[in-house]
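# Structural overview for review
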Amino acid sequence: MDIQLNGKAFQTDPEIRLNLLLESLKLDPQQVVVELNGSVLTIDQFSATTLAHGDIVEIVQFVGGG
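Figured I'd write up the structure that's included with this text. (Residues numbered from 1 in each chain as written. Predicted model: local features only at pLDDT ≥ 70, side-chain atom pairs only at ≥ 80, totals over all residues. Heavy atoms only, no water.)

Here strand S1 (residues 2-5) shows a clear split, with Ile3 and Leu5 buried on one side and none of Asp2 and Gln4 buried on the other. Relative to strand S2 (residues 8-11), S1 is paired through 4 bridges, and the arrangement is antiparallel. Across the sheet, residue isoleucine 3 finds its bridge partner in S2, namely phenylalanine 10. (Buried < 20%, exposed > 50% of the residue type's maximum accessible area, 1.4 Å probe, protein only. Helix = DSSP H or I, 4+ residues; strand = E, 2+ residues; numbered from the N terminus. Pairing = 2+ DSSP bridges.)

If you want it as structure tokens, here you go:
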């Protein structure tokens with residue numbers, strides 16, 4: 001299945017849940033903000049959200065430093 005991930009074409013398993021996509025990308029759900037098709041999702045929605053062909057996903061990761 002084709003989606004757009006952070007502005008680039010990305011192929012993933014059909015009907016993958018968002019939490020599994022984050023896991024496959026080795027991203028900690030506690031340290032990211034996810035926008036799906038223009039709407040920001042809460043962490044509680046990650047496991048209940050199934051991606052579909054053509055979805056636009058933007059993931060922003062929190063980075064600490066000093």
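Looking now at the sheet that holds S1. Spatial ordering of the open sheet is given by S2-S1-S5-S3-S4, a layout of 5 strands whose pairing is mixed. On the outer flanks of this sheet lie S2 and strand S4 (39-41), each paired with one strand and no other. Pairwise comparison of adjacent strand axes, ignoring direction, gives a mean angle of 35° for this sheet. (Axes fitted to C-alpha atoms, helices over the stretch in contact; angles between N-to-C directions.)

Quick look at unusual backbone geometry now. Although it is not a glycine, asparagine 6 sits at a positive phi angle of roughly 50°. Secondary-structure assignment places asparagine 6 in the loop between S1 and S2. Despite not being glycine, lysine 26 has its phi angle at roughly 60°, a positive value. Looking at the secondary structure, you find lysine 26 in the loop between helix H1 (18-24) and strand S3 (32-36). Take lysine 26: its relative accessible area is 75%, and that puts it in the exposed class.

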